[in-house]
Amino acid sequence: MNERRPLVGGNWKMHKTAEEARHHCQELVAGLRGPADRAPGSAGAEVVIFPSHPLLPPVAEALRDAPVALGGQNLHPADAGAHTGDVSGAQLVDAGCAWTLCGHSERRRDHAETDALVAEKAIAARRHGLTPLVCVGELLEQRRAGETFAVLERQLTALLDAAPDRFELAYEPVWAIGTGETATPEQAQEAHAFLRGALESRLGAAAAGRVRIVYGGSVKPDNAAELLAGADIDGFLVGGASLDAASFLAIIAACGL
Ligand code: PGA
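Residues numbered from 1 in each chain as written. Predicted model: local features only at pLDDT ≥ 70, side-chain atom pairs only at ≥ 80, totals over all residues. Heavy atoms only, no water.

S.K.: I would appreciate a short explanation of the nonpolar core in the present structure.
M.R.: Note on soluble globular proteins: their nonpolar side chains tend to be buried together. Grouped together as the largest cluster of nonpolar side chains are 60 residues, with contacts concentrated most on Leu169, Leu199, Tyr215 and Phe236. Contacts of Leu169, omitting those with residues within four sequence positions, involve Leu133, Val134, Leu156, Leu159, Leu199, Val211, Arg212, Ile213 and Val214. Core analysis: the second largest hydrophobic core is formed by ten residues, Val48, Trp99, Val214 and Leu237 among them. (Core = buried A, V, L, I, M, F, W, Y, C linked by side-chain atoms within 4.5 Å. Buried < 20%, exposed > 50% of the residue type's maximum accessible area, 1.4 Å probe, protein only. Contact = heavy atoms within 4.5 Å.)

Shown next as structure tokens:
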């Protein structure tokens, strides 16, 4: 394991009502381990939940005293304005967020988000003091065509050209999201090492070493530990398994020692 504190995100996508969210948070708070349960000197994993926007206030309230941060699933690059159906960085902050996802593959797919737009969103997030967790990853046909690294390089370059002063990355191979098909630990580490190398050549080793690169794509309690063994794998962005408090807690525990 490296020195970066593991980061575990729960991406709830378009799931749960306020009542279901409150119940889930109660289970989560009851199951989170305290400092006494951890190895000496370990800070445990940093945990962030990304509920859909209407759930942010009830989840913020339910997690008020818990060591769990809150993030939006998306934001508009503008600070305010005539953008029906969108949400601003200021609104996310106002609702209790410290984080936001940017460029999740489902938004790239459903809303035709381009690399340039994703980079603008990351810049908007930083303007409001939010940490962007920027998602990158290749489609199945791109992997089959041997284009994985070229896709990752293109997605990352757009972000680095915009030069946000702070961001974290999620490598999410699109073919592994919600499919039950996880990248093997070797495939995941290979992609993460590529991203780390690309960060190093643009930012230098010290800055690249501070960026956390989490893996996402059918992470479950039973595959988390072996994935985390990869030297450049710094935690997870969890979709389906984050909807169940017990499995999310088990994934956090796998990252928390
Ligand atoms: P999954 O989703 O864990 O359900 O594959 C991951 C994600 O989309 O962030």
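S.K.: When you look at the packing of aromatic side chains in this model, what are you seeing that I'm missing?
M.R.: A ring pair, where both rings are aromatic, is described by two values, the distance of the centres and the angle of the planes. In the structure shown here, the tally under the stated rule is two aromatic pairs. Here Phe149 and Phe194 contribute two aromatic rings whose centre-to-centre distance is 4.4 Å and whose plane-to-plane angle is 5°, an arrangement assigned as stacked. Residue Phe149 is found in helix α7 (residues 148-162), and its partner Phe194 is found in helix α8 (residues 185-203); the two are separated by 45 residues along the sequence. A relative accessible area of 21% places Phe194 in the partly exposed class. Note on Tyr171 and Tyr215: the rings are 6.3 Å apart at their centroids and 55° apart in plane angle, and the pair reads as tilted. Of this pair, Tyr171 sits in strand β6 (residues 168-171) while Tyr215 sits in strand β7 (residues 213-216); the two residues are 44 residues apart in sequence, bridging distant segments of the chain. Take Tyr215: its relative accessible area is 0%, and that puts it in the buried class. The residue whose ring lies beneath Lys16 is Trp12, and the NZ or CZ to ring-centre distance is 5.4 Å. (Phe/Tyr/Trp six-rings, centres within 6.5 Å; stacked < 30°, edge-to-face > 60°. Helix = DSSP H or I, 4+ residues; strand = E, 2+ residues; numbered from the N terminus. Lys NZ or Arg CZ within 6 Å of the ring centre and 35° of its normal.)

S.K.: What is the right way to read the pattern of salt bridges from this model?
M.R.: Proximity of charged atoms lets side chains of opposite charge pair with each other. Across all of its chains, the model carries 18 salt bridges by this definition. In this structure, Glu138 and Arg143 form a salt bridge, with 2.7 Å as the shortest nitrogen-oxygen distance. Here Arg212 and Glu168 are joined by a salt bridge, their closest N and O atoms 3.2 Å apart. Residue Arg212 is found in the loop between α9 (205-210) and β7, and its partner Glu168 is found in strand β6; the two are separated by 44 residues along the sequence. Of the two residues examined, Arg212 and Glu168, each falls in the buried class. Each member of the salt-bridge network shares a partner with another, and the members are Arg4, Arg196, Asp232 and Asp234. (Salt bridge = Lys/Arg side-chain N within 4 Å of Asp/Glu carboxyl O.)

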